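# Survey of secondary and tertiary structure
Read off the chains here:
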Amino acid sequence: MSLLLAFWLLFQAGAQIDRRAVEWFRKGEELIGTPDQFSDRQAELFERAVHISPAFASARYNLAVIYLQQKKLDQAVEHLDALIELEPEDARGLRMRAQIRFGQGQMEPARMDLDRGLRINPRDPTAWHLLGVIHFQQGRDQDAIDAFDKALDLDPAMAQTHINLAQVHQKLGQVEEAQTHYEVFLKTHPEDFQARFRLGLLHLNAGRKKDALREFLKAETLKPDDPGVLRELGGLYVELGQPEEAKRRLSRSTRTDAWNLANLGVIARREKRYADAERYLRAAAEQSPDNEQLWANLGDVLSFQKKHQEAVEAYGQALALGHENFSTLYNMAAMHVSLGMKDKAEDFLRRAIEVSPREGRAHYSLAVLLDQRKEVDGAQRHFLEALRNGVDRHQGRFRLALFFAVQSQPEEAMVHLTAAIRMEPQTYVPRVRRILTQVRSDLDVIRYRKDFNDLLKEYESVPDPKASPSSRTPGNP
């Protein structure tokens, strides 16, 4: 707040002022520009003038300025109240009182003072700026933008207004507008750390990671040890797959911070240091036990270490906190399979499919479980869903071939059998040959088809690893 003490002749409103009051005022005026400016001595001189002539507006103004400088806000407001009553058409007292009320958190009284003052003097850019700040803090975002725009129209050099406009636009998701105002401000204030940092966050939230990295690195040169910029750079380098750069920042930041510990855990996981990853993630989860993603990540590193029961507990904690996402449900199912709890595994696979119906992996795993239980219809349906969603494995193809053959659908059976054999001839050609040795087999519906026999002939050189040497065809080792 930049305020100057008043010279009486410039501010005298025409009231009759006692000569003795004028003398005390002149003595206080003589201290302007000296070491005693804004001192208790100067205040006492102006107080004497006001005591003699309570209607002395210039003395009231100077006392408000002095007390404001001294942080004696109650005394400043006392004189501003009197000044506003004495000079109701002078907006400066209203604006000064609004600034004090704003600083004290009295938003509505401050806004009322500004509204009244701007009706008197609508060309006061400082008042428009402060009104914009109040609108923003009270949630009237568009009113804030209008007030800030008015301030800039009146005074384009008000750099701080660009920062405030950037924040309002950023809150509203108006990324391009926010970016423009940050960049305008940074042209004249390139060393401003907060503007750099906030512009980096803007780019990061918009998915522009390279732009975010550029701004965060510039912010880092301004404040190399700022915990916020170290944290953001560490996390960003983790996402960009540059663990060494990430570790440089995270190791300089507060190592007990849950975010940093989590990122160190992610780095250790990517480097396959699963025990270290577990230690970091457990420490992070202790600090932030309601963070479902931490528990999910901990479940992953426990599963990599084959700590199946502990992984189930970690995944369970993530799910209890609302982390009902595909990966957690799918991994939970895998852990229950490893523990021999296939019924529970099936439940989690079905939940995973509900969350992501087009994830072929879940359909395939569920098909395998159902096939093991001889639930042919369900297994067949989910093997086909897995195929439709990009999971094409030779085991599933071969099971589908047998299902369709038993159902007397030779065309479908041949499609899947051909695919299985082409993927893994050394496994399925010998298996088909062994099936054909049975008097009655699941492949009877296709065993006499030309395309079936042509397929086997194409792979006739493939040996049967289970056949005895004497039973092998001569010439085939």
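Let us look at the structure shown here. Each chain has its residues counted from 1, following the order in which its sequence is written. In keeping with the model being predicted, local features are shown solely for residues with a pLDDT of at least 70 and side-chain atom pairs are shown and tallied solely at 80 or more, while totals for entire chains, interfaces and linings include all residues. Values reported for side chains reflect all heavy atoms of the structure, with hydrogen atoms and water molecules removed beforehand.

### Digging into the overall build of the protein
Under the convention used in this document: A run of H or I in DSSP counts as a helix once it spans at least four residues, and a run of E counts as a strand once it spans at least two, with each numbered from the N terminus. The globule rule used for comparison is 2.2 Å times the number of residues to the exponent 0.38, while the radius of gyration itself is calculated over C-alpha atoms. Relative accessibility under 20% of the residue-type maximum defines a buried residue, over 50% an exposed one, and the middle range a partly exposed one, all with a 1.4 Å probe and only protein chains included. Note on contacts: a residue pair qualifies if any of its non-hydrogen atoms lie within 4.5 Å across the two residues. What sets the accessible areas is the Shrake-Rupley method with a 1.4 Å probe; for residues, cover comes only from the shown protein chains.
Secondary structure assignment for the protein yields 27 helices and 0 strands. On C-alpha atoms alone, the protein measures out to a radius of gyration of 39 Å, which is more than a quarter above the 23 Å that the 2.2 N^0.38 rule sets for 477 residues. The buried share of the protein, reckoned over its 477 residues, is 45%. For the protein, the share of sequence-separated contacts (at least 6 apart) that also reach a separation of at least 24 residues comes to 49%. Carbon together with sulfur atoms contributes 50% to the accessible area of the protein, which is approximately 24600 Å² in total.

### Observations regarding the pattern of salt bridges
This is how it is decided: One side-chain nitrogen of Lys or Arg within 4 Å of one carboxyl oxygen of Asp or Glu is enough to make a salt bridge.
Counted under the stated rule, the structure contains 48 salt bridges. Measuring nitrogen to oxygen at the nearest pair gives 3.0 Å for the salt bridge that ties arginine 196 to glutamate 215. Here arginine 196 is found in helix H12 (residues 193–205), whereas its partner glutamate 215 is found in helix H13 (residues 209–222), with 19 residues between them in sequence. In terms of burial, arginine 196 and glutamate 215 fall into one category: buried.

### Structural notes on helix H14 (residues 227–239)
Operational definition: To estimate the expected span of a helix, subtract one from its residue number and multiply by 1.5 Å.
Over its 13 residues, H14 extends 18 Å from the first C-alpha to the last, a length consistent with the 18 Å expected when each residue adds 1.5 Å. Listed as buried for H14 are Val229, Leu230, Glu232, Leu233, Gly234, Gly235, Leu236, Tyr237 and Val238. Buried residues in H14 make contact with H12, H13, helix H15 (243–252) and helix H16 (258–270). After H14 finishes, the residue glycine 241 shows a positive phi value of roughly 75 degrees.

### Here we look at the packing of H16 against helix H18 (residues 292–304)
Angle between the axes and distance between the axes: these two values describe a pair of packed helices. Short version of the rule: Every angle, taken between N-to-C directions, lies between 0 and 180 degrees, and every axis is a line fitted to C-alpha atoms, over only the stretch in contact when it is a helix. Oblique is the label for every angle not falling under 35 degrees (roughly parallel), over 145 degrees (roughly antiparallel), or within 65 to 115 degrees (roughly perpendicular). Take the far helix as your reference; a near helix turned counterclockwise from it by less than a right angle gives a left-handed crossing, and one turned clockwise gives a right-handed crossing. Residue polarity follows a fixed list, in which Ala, Val, Leu, Ile, Met, Phe, Trp, Tyr, Cys and Pro are nonpolar, Asp, Glu, Lys and Arg are charged, and the others, Gly among them, are polar.
For the pair H16 and H18, the least separation of the axes is 11 Å and the interaxial angle reads 30 degrees. When the interaxial angle is binned, H16 and H18 end up roughly parallel. In this structure, the crossing between H16 and H18 has a hand that is left-handed. Contact residues: H16 offers Ala262, Val266 and Arg269, while H18 offers Leu294, Asn297, Asp300, Val301 and Phe304. Of the residues in the contact of H16 with H18, the class split is 5 nonpolar, 1 polar and 2 charged.

### Some remarks on the side chain of histidine 79
Quick reminder of the rule: Any N or O atom pair separated by 3.5 Å or less is treated as a polar contact, with the protein-specific requirement of one donor-capable and one acceptor-capable atom, and with residues adjacent in sequence counted only for side-chain atom pairs.
Positionally, histidine 79 belongs in helix H5 (residues 73–86). We classify histidine 79 as buried; its relative accessible area is 2%. Separated by 3.2 Å, the side chains of histidine 79 and glutamate 47 make a polar contact.

### Observations concerning the environment of arginine 273
Examined against the element boundaries, arginine 273 turns out to sit in the loop between H16 and helix H17 (274–287). Expressed as a C-alpha distance, the spacing of arginine 273 and valine 301, which sit 28 residues apart in the sequence, is 9.1 Å. Not counting the four nearest positions on each side in its chain, arginine 273 is found in contact with Lys247, Ile267 and Ala268. Only 2.8 Å separates the side chain of arginine 273 from the side chain of aspartate 276, close enough to count as a polar contact.

### Here we look at the packing of aromatic side chains
Centre distance and the angle of the planes are the two values used to describe a pair of aromatic rings. Our working rule: Note on aromatic contacts: the rings of Phe and Tyr and the six-membered ring of Trp form a pair at centre separations within 6.5 Å, being stacked when their planes are under 30 degrees apart, edge-to-face when over 60 apart, and tilted otherwise. In our convention, an over-ring charge means Lys NZ or Arg CZ found within 6 Å of a ring centre and within 35 degrees of that ring's normal.
Throughout the structure, instances matching the rule amount to 9 aromatic pairs. On the numbers, 5.3 Å between centres and 65 degrees between planes, the contact of tyrosine 364 with phenylalanine 383 is edge-to-face. Taken as a pair, tyrosine 364 in helix H22 (residues 360–372) and phenylalanine 383 in helix H23 (residues 376–388) lie far apart in primary sequence, 19 residues in all. The residues tyrosine 364 and phenylalanine 383 share a single accessibility class, namely buried. Aromatic ring contacts, followed pair by pair, group Phe25, Phe46 and Phe56 into a single cluster. Here the guanidinium or amino end of lysine 27 rests over the ring plane of tryptophan 24, the centre of that ring lying 4.5 Å away. Sitting over the ring of tyrosine 280, arginine 279 keeps its end group 5.3 Å from the ring centre.

### Brief notes about unusual backbone geometry
Among all residues save glycine, negative phi is the norm, and among peptide bonds the norm is trans. With phi around 65 degrees, lysine 272 is a residue other than glycine that occupies positive phi space. With respect to the helices and strands, lysine 272 occurs in the loop between H16 and H17. With a phi angle near 60 degrees, lysine 306 is a residue other than glycine that sits in the positive phi range.

### Things to note about the environment of glutamine 380
Relative to the assigned elements, glutamine 380 resides in helix H23. Separated by 16 residues in sequence, glutamine 380 and glycine 396 have C-alpha atoms that sit 8.9 Å apart. Setting aside chain neighbours within four positions, we find glutamine 380 in contact with Leu400, Phe403, Phe404 and Gln407. Within the structure, the side chain of glutamine 380 is placed 2.7 Å from the side chain of glutamine 407, a separation counted as a polar contact.

### Observations regarding H16
Its 13 residues place the ends of H16 18 Å apart at the C-alpha level, agreeing with the 18 Å of an ideal helix rising 1.5 Å per residue. Those residues of H16 that fall on the buried side of the exposure criterion are Ala258, Asn260, Leu261, Ala262, Asn263, Leu264, Gly265, Ile267 and Ala268. Where H16 starts, the residue carrying a side-chain oxygen 2.9 Å from the main-chain nitrogen of tryptophan 259 turns out to be aspartate 257. Looking one or two places after H16, you find lysine 272, whose phi comes out positive at around 65 degrees.

By themselves, these figures tell us nothing about what the structure is for.
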